[in-house]
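What follows is the residue order along each chain.
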Amino acid sequence: MAKIFAPIASLLISVTLLLLGHGLQSTLIPLASRAYQFSDLLIGFAASAYFAGFVLGGIITPHVVVRAGHIRGFAVMVSSMSAAALLHPLVTDAYAWVLFRFITGFCVSGLYLIIESWLNEFADNENRGLVMSAYIIVNYAAFTVGQLMVTLAQPESFYLFAIASIIISVAVMPVAMTKAAQPAPIAIVKLDLRRVFKTSQAAIISAFLIGVVLGSHLTFAPIYAVEKGYNPLTQAPVFAAMLGLGGIISQWPLGRFSDRVDRRVVLLIISILGGVASVAITLLDDVPFYLFLIVGAVIGALTQPAYSLAAAHGYDNAKESGYVRMAAGLLVSYGLGSAIGPSVTSILMQFYGPDVLFLFPTVLLAILAIYLMVRISQKDPVRDAQKEDFDLAATASVLGVVSPEVFSEEDRYVVVPDEWEPSEEEDPEDEVNGGEIPEGELPEDAAQEPAQLPEVEVDEAVANAITEGNGVSQDKKAIEGDPDGEDEDEEDGASDDMKDKDSTR
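In this text the structure is predicted, and so the values were computed from the model without any measurement.

**Let's talk about the nonpolar core**
The nonpolar side chains of soluble globular proteins are, as a tendency, buried together.
And then number 1: Judged by nonpolar contacts, the single largest core of 114 residues is most densely connected at Leu18, Phe239, Ile281, Phe292 and Leu330.
And then number 2: Broken down by element, this core gets its largest block of residues, 14 residues, from helix H10 (residues 201-227).
And then number 3: In this view, Phe292 contacts Tyr224, Ala225, Lys228, Tyr230, Phe239, Ile281, Leu284 and Val287; residues no more than four positions away in its chain are not counted.

In structure tokens form, the structure reads like this:
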């Protein structure tokens, strides 16, 4: 056990600090926005900007790491996220906060990708489940504790924003001091939503609808508690944390249960029950706070695992070679839903009041339930032999692109950025000659190498002149039997082999 976790201890410490600061901000921002009397519409826009930044960060971060490396890329993301946290109390303008939340979402996504690529470097298919499960537990626990830290001071005070910034800044220290070697550049995952949707419509549609629901909950849960008459300092943050805590408790048991039955049936059941619980909480007025918390925890327990079940169902329908493509499609679908949800909810809240936070998700869950009933009646369930065991890491909604298996560079949907230069005519579906370079053609990156000169007969006087002028004549060395020339020829051959492998990828 110690041998597994010792190399990644610094990463897990950094993750803990990052998620403490991130969890603190996620609950603090809505409450501070309300204290500054920002409109619900702009609060929703700020939340949508966060999720939009999250999706964009997943696309751009691999290129940042290629340019600067993992440690420098990590430092850039942490510094930007810390600065954005401090800018909130310094610039109390609602439109500026939309920009700050976009930056935060971008940085959080980038940090997830960097950390997960590092963890994958130390994980193989034998210990990956243990490593990634520990990572998930640290994520959930630190995020929840960060939400509860909002109770330390008034939400509009500079104090909490400063704490968040300090915690996030300190998170760079364990990574900066690590002795662990930097992994290879983060792989770019090429997106193919059309193919993913064709593979599992239920998974993609469910991920999108659940993203709308959970994005709204994460944004407006503390505000809803305040609107219901509970204390914004001591009670509202606890209610927001209970939604997440309920999901943490139920995710693993529901996931394991879905291994034994049709996952769509489990998703259907929790969608119906989640809708009922969402209606119930809107009927609670002037009730003891503990009862309000219990109902909130039940809602979280029934809605938050829904994405995990949808993701697991998607992997069941995908071939092993399609796991990475499915993971990317699920993440984008969920991210788009999360970006749309807060804005739509905020618009509806202006017309129909705070109860829309749970009534609107009720409508979405009802739509999802009807859709699932239709799909269940039309398509047979996945056979048990084809099912993958529930994977907590691969199905979590808080991470980047994590598939049930370690990324393989041989997968055509996984591309190492510094080795991939797509041409306009490239078609990822076409595999000519088993991925080998057709005779007479060269890979594009070969154009970047110095051209190999053909062997020619060189006049002895010219050769001597070149040698005396510090030139290089490999042909002459080879003719004279120079051992260095032979070594260089062997290296050139190895280089050509590597080019062929790169082209195959």
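**Some points on the pattern of salt bridges**
And then number 1: On inspection of all chains with the given rule, the structure shows eight salt bridges.
And then number 2: For the salt bridge of Lys228 with Asp285, the shortest nitrogen-to-oxygen distance reads 3.0 Å. One end of the pair, Lys228, is in the loop between H10 and helix H11 (236-258); the other, Asp285, is in the loop between helix H12 (263-282) and helix H13 (289-303), and 57 residues separate them in sequence.
And then number 3: When the shortest N-O distance is used, the salt bridge between Asp259 and Arg263 registers 2.9 Å.
And then number 4: When salt bridges that share partners are traced, they join Arg256, Asp259, Arg263 and Asp316 into one network.

**Notes on the confidence of the model for the protein**
Close inspection of predicted coordinates is inappropriate for parts of the model with low pLDDT.
And then number 1: Of the residues in the protein, 70% have a pLDDT of 70 or more, and the chain-wide mean is 78.
And then number 2: Looking across the protein, the model is least confident in helix H18 (residues 474-480), with a mean pLDDT of 41, and most confident in helix H7 (residues 158-170), with 95.

**Structural notes on the packing of aromatic side chains**
And then number 1: Within the structure shown, the criterion is met by 14 aromatic pairs.
And then number 2: Relative to Phe358, the ring of Tyr224 lies with its centre 4.9 Å away and its plane at 75 degrees, an arrangement referred to as edge-to-face. Placement of Tyr224 in helix H10 and of Phe358 in helix H16 (residues 356-378) is noted, with a sequence separation of 134 residues between them. A single burial state applies to Tyr224 and to Phe358, both of which are buried.
And then number 3: Here Tyr230 and Phe289 contribute two aromatic rings whose centre-to-centre distance is 5.2 Å and whose plane-to-plane angle is 50 degrees, an arrangement assigned as tilted. Of this pair, Tyr230 sits in the loop between H10 and H11 while Phe289 is found in helix H13, placing the two residues 59 residues apart along the sequence.
And then number 4: Ring-pair connections join several aromatic residues into one group, and the members of that group are Tyr224, Tyr230, Phe239, Phe289, Phe292 and Phe358.

**Quick look at the environment of His22**
And then number 1: Relative to the assigned elements, His22 resides in helix H2 (residues 9-35).
And then number 2: The exposure class of His22 is buried, given its relative accessible area of 6%.
And then number 3: Beyond its immediate sequence surroundings of up to four residues, His22 is in contact with Tyr50, Met81, Val108 and Phe143.

About the criteria used
- Residue numbers restart at each chain and count upward from 1, following the sequence in its written direction.
- In view of the model being predicted, local features appear only for residues whose pLDDT reaches at least 70, and side-chain atom pairs are presented and counted only at 80 or more, with totals across whole chains, interfaces and linings using the full set of residues.
- Water and hydrogen atoms play no part in the side-chain values, which are based on all heavy atoms of the structure.
- By nonpolar core is meant a set of buried Ala, Val, Leu, Ile, Met, Phe, Trp, Tyr and Cys residues that side-chain atoms within 4.5 Å join together.
- The cut-offs for exposure are 20% and 50% of the maximum accessible area for each residue type, with area from a 1.4 Å probe on protein chains only; residues under the lower value are buried, those over the upper are exposed, and the others partly exposed.
- Helix and strand definitions here come from DSSP, where helices need a minimum of 4 consecutive H or I residues and strands a minimum of 2 consecutive E residues; each element is numbered from the N-terminal end.
- Only heavy atoms matter for contacts: two residues are in contact if any of them lie within 4.5 Å across the pair.
- What counts as a salt bridge is simple: a side-chain nitrogen of Lys or Arg found within 4 Å of a carboxyl oxygen of Asp or Glu.
- Here pLDDT means the predictor's own confidence in every residue, given as a number from 0 to 100.
- Only the six-membered ring of Trp is used, alongside the rings of Phe and Tyr, when aromatic pairs are assigned; centres must lie within 6.5 Å, and planes under 30 degrees apart are stacked while those over 60 apart are edge-to-face, with the rest tilted.

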